Number of protein chains: 2
Amino acid sequence: MNNTDNLVKIIEIKKSVFAENEKDADGLRAELKKKGVFLLNLMSAPGSGKTTTLIQTLRRLKGRLRVAVMEADIDSDVDAVKIREATGVYSIQLHTGGMCHLDAEMTRQGLDNLDLSAVDLVILENVGNLVCPAEFDTGAVRNAMLLSVPEGDDKPLKYPLMFSVCDTVLINKIDVMPYFDFDLDRCRENILRRNPKARVIPICAKTGEGVDAFADWLVEEVENWKR
Amino acid sequence: MNNTDNLVKIIEIKKSVFAENEKDADGLRAELKKKGVFLLNLMSAPGSGKTTTLIQTLRRLKGRLRVAVMEADIDSDVDAVKIREATGVYSIQLHTGGMCHLDAEMTRQGLDNLDLSAVDLVILENVGNLVCPAEFDTGAVRNAMLLSVPEGDDKPLKYPLMFSVCDTVLINKIDVMPYFDFDLDRCRENILRRNPKARVIPICAKTGEGVDAFADWLVEEVENWKR
């Protein structure tokens, strides 16, 4: 094994990704616009706290927006049940059959199971994954994501596409910041380097800290969309 | 929105996953056996501490095994550089071009860039993702994964395939257990429910606690393979 060169060898491994998905996604967005329904696509790595954040957010939207939730998961249904029980918000579970992401057609299959005339906002909780969901436009009006403190402030550099497609990045679990080598300013810088327009909102989903700002952003976005 | 029914609606969304990969993987394993080279596939979610764990492990393998590392990443090369600098172990970076996993053919492309006559063990650090890498046999002799405490003890229930394909599950970041609602016994139970044969090793990659057991397991496995 030759260990004399200091440069690390980089091998580009490529495989074609079929993505005729964009037209579908644009079509779905146009339909949603006509119906006055806003679709938010919420993404994150596994264990970042998407469901807890969602519960806190739904509580803050009560009486302000009519909401439904689509929980995408590989094969459990615990999240939809949890959300329904905690908030009373109508939630359906989308089983992806092992698939690592949702595309526009899969999202449409979910929406077909909702009464869209009765909602202003549909929140799609995507599969816990920082890679594939970023590659497939679901037809959502806005994308948001969670990065949790234990994952590290370097993640925007390692999963650049995810951070560049998201309008809002929630930084979750800020309560445990003292126990991790996580620098909020450096994280924000890393995010903005990938996506200068990103809105960054530090939160603690467990206590609800910071979630007001996210809920307010959503209300504003939905109002703009319905205009 | 009809909120009277208490049952959560489950919609099965399916898409075909082309996986003629298994033959390739078996072929690759047979070649490796002939060459006396052991391939370990290390997987986890983003931010679980794979690279830090790897560095601690490599230090413990020094003088016991001849090792090379393949770092798969979407488009950065920080991990291979970090490992080379911290341990002196020959590391190459595999760029997946946005792909969310490695299959056997992609793994072979990486191995083609190593001098296999000079190593006993190749460790492949797969893309940070709990979904797709579990679906694609890389041709590795053994699979191992990291679950970190902040991700939650319920992850084996939500990403069942990943836990069922792994021979060893490292539970990392046990030092922060007091700050999270994480029950080690419940986690172990959840893992064993998916995979009764799994070896579960709690570790703290930051301090090195528990990593000896992982290194010893690897040495034993490599010796068995080379027999």
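Our subject is the structure that appears above.
Residues numbered from 1 in each chain as written. Chains lettered and ligands numbered in written order. Predicted model: local features only at pLDDT ≥ 70, side-chain atom pairs only at ≥ 80, totals over all residues. Heavy atoms only, no water.

Novice: Just checking my understanding: could you explain unusual backbone geometry for this structure?
Specialist: Backbone phi values are negative for most residues with the exception of glycine, while trans is the configuration of most peptide bonds. We note that Lys-173 of chain A has phi near 65 degrees; this positive angle belongs to a residue other than glycine. Here Lys-173 of chain A is to be found in the loop between strand S7 (168-172) and helix H8 (184-194). (Helix = DSSP H or I, 4+ residues; strand = E, 2+ residues; numbered from the N terminus.)

Novice: How should I be thinking about the pattern of salt bridges in this particular structure?
Specialist: Here the idea is simple: oppositely charged side chains can pair when their charged atoms come close. All names here are of chain A. Within the structure shown, the criterion is met by 30 salt bridges over all chains. Residue Glu-105 is joined to Arg-108 by a salt bridge in which the shortest nitrogen-to-oxygen separation is 4.0 Å. Of this pair, Glu-105 and Arg-108 both sit in helix H4 (residues 104-111), 3 residues apart, which is roughly one turn of that helix. When its relative accessible area of 35% is taken as the criterion, Glu-105 is described as partly exposed. What emerges from the salt-bridge pattern is a single network uniting Asp-26, Arg-29 and Asp-137. (Salt bridge = Lys/Arg side-chain N within 4 Å of Asp/Glu carboxyl O. Buried < 20%, exposed > 50% of the residue type's maximum accessible area, 1.4 Å probe, protein only.)

Novice: How should empty space enclosed by the protein be read in this particular structure?
Specialist: Empty pockets left among the atoms are what a rolling probe the size of a water molecule brings to light. Counting across every chain of the model gives 1 cavity of 30 Å³ or more. Estimated volume of the largest cavity: approximately 60 Å³. Taken together, 14 residues form the lining of the largest cavity, with Pro-46, Gly-47, Ser-148 and Glu-151 of chain A together with Glu-151 of chain B sitting closest to its centre. Partitioning the lining of the largest cavity into residue classes produces 5 nonpolar, 5 polar and 4 charged. (1 Å grid on protein atoms, 1.4 Å probe; cavity = no way out; pocket = protein on both sides within 12 Å on 5 of 7 lines; lining within 4 Å. Points joined across faces, edges and corners; volume = space filled by probe spheres on them. Nonpolar A, V, L, I, M, F, W, Y, C, P; charged D, E, K, R; others polar.)

Novice: Help me understand the environment of Trp-225 of chain A, please; the structure alone is not making it clear to me.
Specialist: All names here are of chain A. Its location among the elements puts Trp-225 in helix H9 (residues 211-226). Separated by 138 residues in sequence, Trp-225 and Thr-87 place their C-alpha atoms 25 Å apart. The contacts of Trp-225, once residues within four sequence positions are left out, are Arg-29, Leu-32, Lys-33, Val-37, Phe-38 and Val-141. One polar contact links the side chain of Trp-225 to the main-chain carbonyl oxygen of Val-37, over a distance of 2.7 Å. (Contact = heavy atoms within 4.5 Å. Polar contact = N/O pair within 3.5 Å; in protein donor to acceptor, adjacent residues only side chain to side chain.)

Novice: Looking at this model, I keep getting lost on the packing of aromatic side chains. Mind explaining?
Specialist: Remark: the centre distance and the inter-plane angle together describe each pair of aromatic rings, the angle taken between the planes. All told, the structure shown has 6 aromatic pairs over all chains when counted by the stated rule. Residues Phe-180 of chain A and Phe-180 of chain B carry aromatic rings whose centres are separated by 6.2 Å and whose planes lie at 75 degrees to one another, so their mutual orientation is edge-to-face. Of this pair, Phe-180 of chain A sits in the loop between S7 and H8 while Phe-180 of chain B sits in the loop between strand S7 (168-172) and helix H8 (184-194), placing the two residues on different chains. Like Phe-180 of chain A, the residue Phe-180 of chain B is buried in the burial classification. Both rings, one in Phe-214 of chain A and one in Trp-217 of chain A, keep their centres 5.9 Å apart while their planes meet at 20 degrees; by these two values the pair is stacked. Pair noted here: Phe-214 of chain A and Trp-217 of chain A are both in helix H9, with a separation of 3 residues, about one helical turn. The exposure class assigned to Phe-214 of chain A is buried, which follows from its relative accessible area of 2%. Across from the ring centre of Trp-225 of chain A, 4.6 Å away, lies the NZ or CZ of Lys-33 of chain A, which sits over that ring. (Phe/Tyr/Trp six-rings, centres within 6.5 Å; stacked < 30°, edge-to-face > 60°. Lys NZ or Arg CZ within 6 Å of the ring centre and 35° of its normal.)

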